[in-house]
Amino acid sequence: MQKLIIKGKKKLFGSIDISGSKNATLPILAATLLTDKAVTLKNIPLVQDVYTMINLLKFIGLNIKISKKKNILKTSSNRKFKTLAPYNLLKTMRAGVLVLGPLLAKYRKAKVSLPGGCAIGARPVNLHLFALEKLGAKIKIKNGYMHATAENGLKGAIIKFPSISVGATESAILAAVSAEGKTIISNCAIEPEIQDMIVFLKKLGCNINFIGKRKILIIGTKKFKSTSHEVIFDRIELGTYLIAAALVGTKITLFKIKTKIIETEIKLLKKMGIKMKIDKNKITVFESGKINSVNIKTEPYPGFPTDLQAQIMVLMLRASGISKITENIFENRFMHVPELRRMGAKIITKKNTAYVTGPTNLSGAEVMATDLRASVSLVLAALNADSLTVINRVYHLDRGYENLEKKLKKCKANINRV
Ligand code: EPZ
C-alpha cells in the first residue's frame, strides 16, 4: 500500500485551483440513468469514487466514459439496462445506493447491494427506503441486497423526513422526478451538492422547485432532454486548503470557487483570526499570527460541515487555549484523534465532543489513515509538524482529493508518495 512522506514546518505560498465536487458528481452521475439522451458533465474531479461510480453505471449498461479533459460523456443508448448494483462495486463507494431510485423509476425493479458501513459510522439507509416506499416501492432486504419493485410504477407522494439526510434526500428526488404526479418532500437536506444536482435535473427537463427552505415540489415526467452541465466546485476541498494555508501559508490564493457558498466557514476562520482577502471567486490567505480558540458544532448545511471537522481540529491545535468541537452528524468520526495524539496533540474526547488544547507543537510520526477526511487531517498536521511524518493507507485520500500532492508541491510543500 502506498504511503505519503511529509517534511513539516515548510512555509507554503502560491496558488491552488479547486477541483469539481465529488459529492455533487456522484448523485448527478446516478441521475444520468434517467435519460436515454446524450449528457456531458464538465469539471469532474478525477478521484477514485468517481471512477467507481462510472464502473457501476457501465456495469448497468450506460455508454459512459471520462476524458482527460475531465469531462464525462454519456452517449445516447436505448440498450436494456441491468437493474443490479453488485456488492463488489458498492462496498467501497456507498453512494452507489443512489442508483436505486432511478432504476426503480425506469424499470419498476432493482436489486442493489446494501452499502457497507464505514469507519465513521453504521451508515444505515432506512431513510432512503422510507422515501422510496412512500413513492410506492416494495423493498425486501435479503442476503445483503435490497430487492425493490414498483409493479405499477412510482406514484407521487408527500414525504416528510424525520431527520435530515443528504443521501436520502437525493434518493427521494431521483425517484420522484419521474414518478407519476406530484411529490412534496419536506425536511430536506439542502447541501450545495444537492442544489447543483437540482440544477442538472432541471436541465434534463425535470419539474422540480424549492417551495420552502427545506421543502421541494416535484411534478414527475418521463420525457428528458440531452444536456451538459459543469459540476460545482468542491467546498470541502476548499475548506481543507484554507486550513492548510492558515496553518503554514505565507500567502496562498485559492481559485475556481464561489465564496458565497462557504460563508459559515469563512466567518469561523475570521473568528479564529485568520487573515484573508475574500473575492467572489477567489480567496487569498495570508500568514496568520495568533490564532484564537473557538467552539464549533457540526450541523447540516448551512451549518459547519462534518466533512471539515477533522481538518479544523488541526487548526485548533495551533490556537491559544481550549477549543471545543461537537460532532452531531456521525457517531464515530474521531478516528483521527488517536493518530493526532501520536504526533503530540492534546485532545480529550467525551462522547461526541472533543476538547483541543493549543498551541501544541506537533512532532512527525508514522500514522494511519482511516477514512477520507481523517486522512487529510493527518496531512495538515504533518505540514505543521517538525521532522518527518509517514501516512499509511493513502488510498483513503485518493477517494476524494484530486492531485493532492501535486497541488501542495506547487505551493512548495515537501511531500512525496512512495
Ligand atoms: C453525505 O453522506 C456525504 N457523502 C458525506 O461525505 C457527508 O459527510 C454526509 O453527507 C453529511 O454531510 C456523499 O455525499 C457521497 P447523511 P450521507 O445521509 O448521505 C444518518 C465524504 O467524506 N442516516 O446526510 O451518507 C447517518 O448515519 C462523505 O465525502 C440514517 O440514519 O450522509 C448520519 O448519522 C463522508 N439513515 C446522518 O443521518 C439513512 O437512511 C447524516 O447522514 C441515512 C442517513
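Residues numbered from 1 in each chain as written. Predicted model: local features only at pLDDT ≥ 70, side-chain atom pairs only at ≥ 80, totals over all residues. Heavy atoms only, no water.

Caption draft 1: Region of interest: the side chain of Arg333. Structurally, Arg333 can be placed in the loop between β19 (321-326) and α11 (336-341). Polar side-chain contacts of Arg333 include one of 2.8 Å to the side chain of Thr306. Within polar-contact distance, the side chain of Arg333 engages the side chain of Asp307 at 2.7 Å. (Helix = DSSP H or I, 4+ residues; strand = E, 2+ residues; numbered from the N terminus. Polar contact = N/O pair within 3.5 Å; in protein donor to acceptor, adjacent residues only side chain to side chain.)

Caption draft 2: Spotlight on the side chain of Glu327. Here Glu327 shows up in the loop between β19 and α11. Despite its burial, Glu327 remains without a salt bridge, the nearest opposite charge being carried by Arg333 at 5.2 Å. A polar contact of 2.9 Å, which involves the side chain of Glu327, links it to the side chain of Thr306. Excluding anything up to four places from it in sequence, Glu327 contacts Thr298, Thr306, Gln309, Arg333, Phe334 and Asn352. (Buried < 20%, exposed > 50% of the residue type's maximum accessible area, 1.4 Å probe, protein only. Lys, Arg positive; Asp, Glu negative; His and termini not counted. Salt bridge = Lys/Arg side-chain N within 4 Å of Asp/Glu carboxyl O. Contact = heavy atoms within 4.5 Å.)

Caption draft 3: The arrangement of the sheet that holds β19 in detail. With respect to topology, four strands assemble into an open sheet ordered β18-β19-β21-β20, the strand pairing being mixed. Strand pairing shows two members of the sheet lacking a second neighbour, β18 (295-297) and β20 (346-350), which therefore form its edges. Ignoring which end each strand starts from, the neighbouring axes of this sheet average 15° apart. Bridge analysis of β18 against β19 gives three bridges, and the strand direction is parallel. The partner of Lys297 across the bridge, within β19, is Thr326. Together, β18, β19, β20 and β21 (353-358) form the strand contacts of helix α10 (residues 309-316), whose direction differs from that of β19 by roughly 175°. (Pairing = 2+ DSSP bridges. Axes fitted to C-alpha atoms, helices over the stretch in contact; angles between N-to-C directions.)

Caption draft 4: Main features of the packing of aromatic side chains. The final tally for this structure, using the stated rule, is two aromatic pairs. Centroid distance Phe130 to Phe161: 6.0 Å. Interplanar angle 50°. Geometry classified as tilted. Linking Phe130 in helix α5 (residues 126-134) with Phe161 in the loop between β10 (158-160) and α6 (166-176), this pair joins segments that are 31 residues apart in sequence. Using a relative accessible area of 24% as the deciding quantity, one classes Phe130 as partly exposed. Of the residues examined, Phe161 reaches a relative accessible area of 4% and is grouped as buried. Geometry around Phe59 places Lys82 over its ring, the cationic atom sitting 4.4 Å from the centre. Between Lys350 and the ring centre of Tyr355, over which it is positioned, the NZ or CZ distance is 5.1 Å. (Phe/Tyr/Trp six-rings, centres within 6.5 Å; stacked < 30°, edge-to-face > 60°. Lys NZ or Arg CZ within 6 Å of the ring centre and 35° of its normal.)

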